[in-house]
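# Secondary and tertiary structure notes
Okay, here's what each chain looks like letter by letter:
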Amino acid sequence: MKYEFTHIEKKWQDYWQRHATFRTEVDERKKKLYVLDMFPYPSGSGLHVGHPEGYTATDIFCRFKRMKGFNVLHPMGWDAFGLPAERYAMQTNIHPRITTEENISTFRRQIKLLGLSYDWSREVNTTDPAYYKWTQWIFLKLYNSWYDRRVEKARPIETLEDELALEGTRNVDVPAPFGPEDWKKKGKKEKHDFLARFRLTYVAEVPVNWCEGLGTVLANEEVAEWTEKGYTVERRPMKQWMMRITAYAERLLQDAESLDWPVSTLEMQRNWIGKSEGAEIEFPVKRSNDRIKVFTTRPDTIFGATFMVLAPENPFVLRVTPNDHVVEVTDYQKQASKKTEIERGAERGKSGVFTGGYAINPATKKEIPIWIADYVLMGYGTGAIMGVPAQDERDWEFAKTFGLDIIRTVQPPAGFQGKEYLGDGPAINSGLLDGLHIEQAKKRIIEWLEQEEWGRRAVTYKLRDWLFSRQRYWGEPIPIVHLEDGTMKPLKDAELPLELPELEKFQPSGTTESPLALATDWVNIVDKDTGMKGRRETNTMPQWAGSCWYYLRYTDSENAKEFCSGEKEKYWMPVDVYIGGAEHAVLHLLYSRFWHKVLYDLGYVSTKEPFLKLRHQGTILGEDSRKMSKSRGNVINPDDIVAQHGADSMRLFEMFMGPLEDVKPWSTKGVEGVFRFLNRVWRLYVAEDGKRDPSISDIQPDGSFERLFHQTVKKVGEDVASLRFNTAISQMMIFVNEATKLQKRPRALMEQFVLLLSPFAPHIAEELWQKLGHTNTLAYEPWPVFDATKVVEDTIEVVLQVNGKVRSRVLVPMNTPEDELEDLALKDDNVRRHLDGGRIVKKVVVKNKLVNIVVAR
RNA sequence: GCCGAAGUGGCGGAACUGGUAGACGCGCUGGACUCAAAAUCCAGUAUGGCUUACCCCAUGUGGGGGUUCGACUCCCCCCUUCGGCACCA
């Protein structure tokens with residue numbers, strides 16, 4: 001009987017669905033395991049072969065663990081908000097909800113064809129109001145929280161209000177302190193504005209990449225893409241929603257150390273957070289009481305600071321600029337503001353203008369000129385630097401361009417020909433630091449700065465607050481109302497979800513607002529509590545929002561009262577294994593960790609980190625080893641593969657191609673190879689009449705076949721546990737090759753082998769299991785165990801070497817003693833030929849491995 | 001430029017803590033079955049040499065050095081590819 005994969009796969013997929021085979025519930029008696037795939041954005045082009053790679057890997061792992069007795073949570077859902085559906089709506093006026101639904105249906109159908117053991121009852125969809133209700137709820141939790149530095153955690157904003165009313169800002173670090181009476185005297189708006197400076201979600205005027213053509217702001221990484229397509233992107237300050245992720249910089253950095261993640265991903269996150277340690281130093285402005293703060297990692301070089309540079313946007317710029325320089329300075333500021341950050345970075349050489357103002361170097365007491373230049377960024381440190389050309393490449397270049405003084409304060413080694421010197425050496429021209437090396441000099445100068453009150457030890461991070469608003473329709477509405485008194489009012493929990501309004505026509509608003517601004521009935525409201533007129537926030541959330549917490553929703557996806565119940569969260573979290581693309585190494589994985597920590601601080605989740613073990617699947621390239629793309633015509637469609645060779649072959653091949661994390665090219669021949677393998681398996685078990693093959697019977701296995709069986713159980717189990725699927729499949733192929741050679745096949749072992757194969761090729765395995773006489777699914781059969789004593793070979797080949805080169809091999813019983821091995825080597829003809837009468841200097845004997853005889857001539 | 005990962009047959013890849021390099025699969029070659037083909041099965045397959053049976057010898061894991069009885073594996077230098085960052089003071 002032929003291997004009718006199409007029929008078999010349909011049959012078992014129906015069976016699993018009918019019997020809810022993979023439905024999971026909390027079960028305190030069983031050990032839980034949470035295995036998660038990064039959920040896909042359901043694009044219009046359907047699934048590509050890259051998706052099933054990760055999904056198959058997690059599926060094999062889940063099926064294996066279920067058989068090992070674990071209670072496995074393995075869900076799937078849709079990250080369905082996003083720009084493509086909205087752009088399509090603008091062209092066709094078809095509601096994004098409709099396109100999204102269609103795309104989801106396609107994806108769901110395609111994924112189901114692969115026989116993945118998801119608990120579909122937990123499916124989530126980020127665009128479903130029942131889901132985004134809780135995205136909005138979490139947004140409000142952040143809005144209504146502040147980060148308390150004293151305890152290093154987020155707390156409800158009321159705790160800050162209470163504290164201000166009780167003791168003012170005595171224990172809170174603010175520029176303008178006040179007492180409890182002052183707080184009580186403040187008006188509503190004043191209090192509102194003050195608190196806004198603490199909230200984890202806040203509105204700020206920030207320079208963004210505004211694209212008029214698209215009617216939205218773009219992320220820095222999106223700018224290049226659209227400018228290439230002919231759109232113009234300009235830098236302009238706009239009011240945007242921000243999330244105070246910077247408050248968590250240190251914890252995001254520290255807690256990453258405990259994670260079992262790819263080193264490269266951890267490294268990328270570390271670089272993204274970009275911690276650097278140094279000092280803040282205040283430079284007094286000449287003839288003024290102002291002090292300009294700079295950040296430096298090299299406070300030891302302060303004696304070489306011969307100028308100062310401010311970012312063009314630095315608010316001090318105009319305060320230090322005398323009237324006769326204002327024109328040049330403002331001109332420069334204007335130019336700089338137009339450039340995007342990419343353009344600023346791409347420019348070779350240094351530009352800048354002298355402000356006409358001077359500061360006093362607190363170490364040398366000398367006057368140094370204050371310049372502005374766009375190589376100094378407002379978003380990092382204090383937006384101002386001390387220029388130390390002798391010990392900094394950029395400052396050197398700047399000083400050379402504008403003819404500024406250069407004073408070496410670290411002695412370069414003799415014969416040093418370079419420009420700036422970044423290496424270590426004794427300090428020179430540095431007063432109290434002279435002779436000290438960098439580390440000591442840093443320590444000494446910081447002590448001095450702190451003592452003289454010119455500065456202090458400081459840490460800064462590259463990480464910036466998260467720009468959270470998008471001027472788009474197809475995203476979660478931000479649940480905030482702007483009242484006519486200038487304050488903002490968050491919606492109450494009972495008012496959630498705030499659903500997207502229906503629109504007549506999908507088009508940009510024509511202003512800097514999102515298309516939501518066109519839904520005037522929705523936008524304009526009257527506040528029930530105060531009777532004030534109000535306007536709803538028209539920005540929506542970025543696509544990251546929904547994916548920031550979806551793993552929590554899976555634990556309790558039907559819950560209408562909570563985002564998930566504490567009990568279920570405690571049982572299932574954290575995610576034990578998380579698999580997805582490396583393209584999310586930073587943003588998604590950092591944003592999720594951030595939200596998770598906020599929820600942790602507020603007591604809503606029980607773990608500090610959401611994802612314990614993370615692995616990325618490597619990209620699958622086209623057969624030509626190039627990236628798959630429509631234009632290259634090398635795209636492989638999973639539907640075709642499933643139709644031609646079946647889902648089991650598809651799954652098996654994707655896992656057999658190579659290590660999960662590697663980038664690897666598709667191979668049609670390779671699929672045929674694993675398809676042949678499955679056919680061989682089939683013929684091993686099934687006779688022409690469709691019944692169990694008569695070669696399978698209750699006989700005692702012969703020793704070597706039994707050994708191979710135990711070796712296979714061991715290898716497959718270990719490999720699956722460590723996600724090395726390619727080598728597990730190799731071992732199964734070896735087993736099948738041997739089994740094929742046998743006339744009579746021992747039923748017990750053959751049955752167990754079906755169980756080994758089942759996580760990889762579940763459909764054929766279920767069918768064979770049934771043909772072997774079982775009536776239930778094998779999904780919960782116990783995973784085969786191996787007998788360690790039966791794994792070891794009784795005869796083993798030992799290598800005989802002379803001077804490290806293999807000269808002969810002998811078959812000996814396992815654990816033949818060393819001296820016997822040595823004798824065998826010395827008696828061996830070819831070994832003796834190579835000894836060639838030389839003097840034996842050394843004999844190395846490794847039991848069960850080799851004998852190496854070292855001779856001198 | 002900086003950070004990270006990786007370079008093994010014609011191809012995808014294997015080799016656990018240094019101990020038989022090339023498992024398994026693809027491809028290729030030869031054979032069996034067949035009128036023939038497909039499918040299937042069997043055998044061979046790193047490169048070169050010598051014999052021209054089996055053998056045996058040399059070379060071989062990006063290149064060059066080193067440590068070691070012994071290195072794909074450890075150390076140093078260099079090259080290439082991929083991923084990320086990019087004036088972060």
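Since this is a predicted model, take the numbers as computed values, not measurements. (Residues numbered from 1 in each chain as written. Chains lettered and ligands numbered in written order. Predicted model: local features only at pLDDT ≥ 70, side-chain atom pairs only at ≥ 80, totals over all residues. Heavy atoms only, no water.)

With that settled, the discussion passes to the nonpolar core. Grouped together as the largest cluster of nonpolar side chains are 172 residues, with contacts concentrated most on Phe139, Trp595, Trp666, Tyr685 and Phe760. Of all hydrophobic cores here, the second largest spans 43 residues; its members include Phe303, Met386, Leu404 and Ala441. (Core = buried A, V, L, I, M, F, W, Y, C linked by side-chain atoms within 4.5 Å. Buried < 20%, exposed > 50% of the residue type's maximum accessible area, 1.4 Å probe, protein only.)

Turning to the packing of aromatic side chains, a few remarks are in order. Tallying each qualifying case throughout the model produces 56 aromatic pairs. Look at phenylalanine 5 and phenylalanine 675: their rings are 5.6 Å apart centre to centre, the planes differ by 90°, and that puts the pair in the edge-to-face class. Taken as a pair, phenylalanine 5 in helix H1 (residues 5-18) and phenylalanine 675 in helix H24 (residues 668-685) lie far apart in primary sequence, 670 residues in all. On the basis of relative accessible area, phenylalanine 5 is assigned to the buried category, the value being 10%. For phenylalanine 675, a relative accessible area of 19% gives the class buried. Pairing phenylalanine 725 with phenylalanine 760 gives two aromatic rings, centres 6.3 Å apart and planes at 80°, and the pair type is edge-to-face. With phenylalanine 725 in helix H26 (residues 725-741) and phenylalanine 760 in the loop between helix H27 (747-757) and helix H28 (762-771), the pair connects residues that are 35 residues apart, well separated along the chain. Residue phenylalanine 760 is classed as buried on the basis of its relative accessible area, which comes to 0%. Every member of this aromatic cluster is reached through a ring pair, and the members are Phe139, Tyr143, Tyr147, Trp241, Tyr248, Trp466, Phe468, Trp544, Tyr591, Phe594 and Trp595. Lying across the ring of phenylalanine 178, lysine 186 places its NZ or CZ 4.3 Å from the centre. (Phe/Tyr/Trp six-rings, centres within 6.5 Å; stacked < 30°, edge-to-face > 60°. Helix = DSSP H or I, 4+ residues; strand = E, 2+ residues; numbered from the N terminus. Lys NZ or Arg CZ within 6 Å of the ring centre and 35° of its normal.)

Here we come to the protein's contact with RNA strand B. Close to RNA strand B lie 52 residues, the nearest being Thr297, Lys350, Tyr380, Arg394 and Arg809. The sugar-phosphate share of atoms of RNA strand B within 4 Å of the protein amounts to 66%. Asparagine 726 places a side-chain nitrogen or oxygen 2.9 Å from a phosphate oxygen of RNA strand B. Lysine 842 has a polar side-chain atom sitting 3.3 Å from a phosphate oxygen of RNA strand B. Among the elements that make up the surface near RNA strand B, the one with the highest residue count is H26 (six residues). (Near = heavy atom within 4 Å. Polar contact = N/O pair within 3.5 Å; in protein donor to acceptor, adjacent residues only side chain to side chain.)

Quick look at the sheet that holds strand S31 (residues 850-856) now. Hydrogen bonds between backbone atoms are what pair the strands of a sheet, whose relative direction is either parallel or antiparallel. Strand order in the open sheet made by the four strands is S29-S28-S31-S30, with mixed pairing throughout. Of all the strands in the sheet, the pair left with one neighbour each is strand S29 (805-813) and strand S30 (839-846). Across this sheet, the average inter-strand angle for adjacent strands is 15°, counted without regard to direction. Where S30 meets S31, seven bridges bridge the pair, whose relative direction is antiparallel. Paired with lysine 843 across the strands is isoleucine 853, a residue of S31. (Pairing = 2+ DSSP bridges. Axes fitted to C-alpha atoms, helices over the stretch in contact; angles between N-to-C directions.)

Next up on the list: the sheet that holds strand S22 (residues 575-580). Strand order in the open sheet formed by four strands is S2-S1-S22-S23, with parallel pairing between adjacent strands. Either end of the sheet is taken by a strand with one partner, and the two such strands are strand S2 (71-73) and strand S23 (611-616). Within this sheet the neighbouring strands show an average axis-to-axis angle of 20°, counted without direction. Sheet topology places strand S1 (residues 32-37) next to S2; three bridges connect them, and they run parallel. Looking across to S2, one finds that lysine 32 is bridged to asparagine 71. Across the sheet, helix H2 (residues 50-67) is in contact with S1, S2 and S22; its angle to S1 comes to roughly 170°. Across the sheet, helix H21 (residues 587-601) touches S22 and S23, and the angle it forms with S23 is around 175°. (Contact = heavy atoms within 4.5 Å.)

Two numbers describe how H24 lies on H26: the axes approach to 10 Å, and their chain directions differ by 45°. By the angle between their axes, H24 is oblique relative to H26. By crossing handedness, the relation of H24 to H26 is classed as left-handed. Touching Val674, Phe677, Arg680, Val681 and Leu684 of H24 are Met732, Met733, Val736, Asn737, Ala739 and Thr740, all from H26. (Parallel < 35°, antiparallel > 145°, perpendicular 65-115°, else oblique. Left-handed = near helix turned anticlockwise from the far one by under 90°.)

A few words on H26. Look at H26: 25 Å from first C-alpha to last across 17 residues, which is about the 24 Å you get at 1.5 Å a residue. Within H26 the residues assigned to the buried category are Phe725, Asn726, Ala728, Ile729, Gln731, Met732, Met733, Phe735, Val736 and Ala739. (Expected span 1.5 Å × (residues − 1).)

All right, on to the domain arrangement of chain A then. Assigned domains within chain A: domain 1 (31-121 + 545-621), domain 2 (139-262 + 466-536), domain 3 (275-461), domain 4 (638-790) and domain 5 (793-856). Domain 1 and domain 5 are separated by 56 Å when their C-alpha centres are compared. (Domains from an automatic or database assignment.)

This part takes up the pattern of salt bridges. Scanning all chains against the criterion turns up 58 salt bridges. Linking aspartate 27 and arginine 29 is a salt bridge whose minimum nitrogen-to-oxygen distance equals 3.0 Å. Through salt bridges that share partners, Glu280, Glu282, Arg291, Lys293 and Arg456 make up one connected network. (Salt bridge = Lys/Arg side-chain N within 4 Å of Asp/Glu carboxyl O.)

With four bridges joining them, strand S28 (residues 795-802) and S31 adopt parallel strand pairing. Among the inter-strand pairings, valine 799 is bridged to a residue of S31, identified as leucine 850. Here S30 folds back onto S31 in antiparallel fashion, the turn holding three residues, of which asparagine 848 has a positive phi close to 65°.

Note on placement: alanine 517 falls in the loop between strand S19 (488-490) and helix H17 (520-523). Among the residues examined, alanine 517 registers a relative accessible area of 13% and is labelled buried. C-alpha separation for the pair alanine 517 and arginine 536, spaced 19 residues apart in sequence, amounts to 8.8 Å.

Tracing the sequence through the fold places alanine 256 in the loop between helix H10 (249-255) and helix H11 (263-273). In this structure, the C-alpha to C-alpha distance between alanine 256 and valine 663, residues 407 residues apart in sequence, is 25 Å.

Let us now look at helix H16 (residues 438-452). The end-to-end C-alpha separation of H16 is 21 Å, in line with the 21 Å expected for 15 residues at 1.5 Å each. Every buried residue belonging to H16 is among Ile438, Ala441, Lys442, Ile445, Ile446, Trp448 and Leu449, and all of these are buried. Down the axis of H16, the buried side of the element spans an arc of 165°, and every buried residue falls inside it. Facing away from the buried side of H16 by over 90 degrees, the exposed positions are Glu439, Lys443 and Gln451. Along its buried surface, H16 packs onto strand S10 (275-284) and strand S16 (455-461). Count one or two residues on from H16 and you reach glutamate 453, which has phi positive near 60°. (Arc of directions from axis to C-beta.)

The next subject is the pairing of strand S15 (residues 384-387). What you see with S15 is no split at all: Ala384 and Met386 on one side and Ile385 and Gly387 on the other are buried throughout. Summarising the sheet, strand S12 (residues 307-310) and S15 pair through four bridges and their orientation is antiparallel. Bridging across to S15, methionine 308 finds its partner in methionine 386.

Tracing the backbone through its elements, the reader meets threonine 126 in the loop between strand S4 (124-125) and helix H5 (129-143). Within polar-contact distance, the side chain of threonine 126 engages the backbone nitrogen of alanine 80 at 2.8 Å. Threonine 126 has contacts with Phe39, Trp78, Asp79, Ala80, Phe81, Tyr131, Tyr132, Glu476 and Gly546, leaving out every residue within four places of it along the chain.

On to the packing of H27 against H28. Close contact between H27 and H28 brings their axes to 8 Å; oriented N to C, the two are set at 155°. In terms of their interaxial angle, H27 and H28 are classed as roughly antiparallel. Of the two possible hands of crossing, H27 and H28 adopt the one that is left-handed. Side by side, H27 and H28 meet where Glu751, Val754, Leu755 and Leu757 of the first sit next to Ile764, Ala765, Leu768 and Trp769 of the second.

A grouping of Tyr88, Ile94 and Ile98 is seen on the molecular surface, where their side chains present a nonpolar patch of about 250 Å² in accessible area. The topology assignment puts isoleucine 94 in the loop between helix H3 (83-92) and helix H4 (96-112). Residue classification places isoleucine 94 among the partly exposed positions, given a relative accessible area of 32%. (Patch = residues over 30% accessible without salt bridge, like charges linked within 9 Å, V, L, I, M, F, W, Y side chains within 5 Å. Areas by Shrake-Rupley, 256 points an atom, 1.4 Å probe, with all protein chains shown as cover.)

Attention now goes to a negative patch on the surface. The grouping of Glu101, Glu102, Asp128 and Glu499 at the surface amounts to a negative patch. Turning to its location among the elements, glutamate 499 is positioned in the loop between S19 and H17. Judged by relative accessible area, glutamate 499 falls into the partly exposed class, the value being 44%. (Lys, Arg positive; Asp, Glu negative; His and termini not counted. Charge placed at Lys NZ, Arg CZ, Asp CG, Glu CD.)

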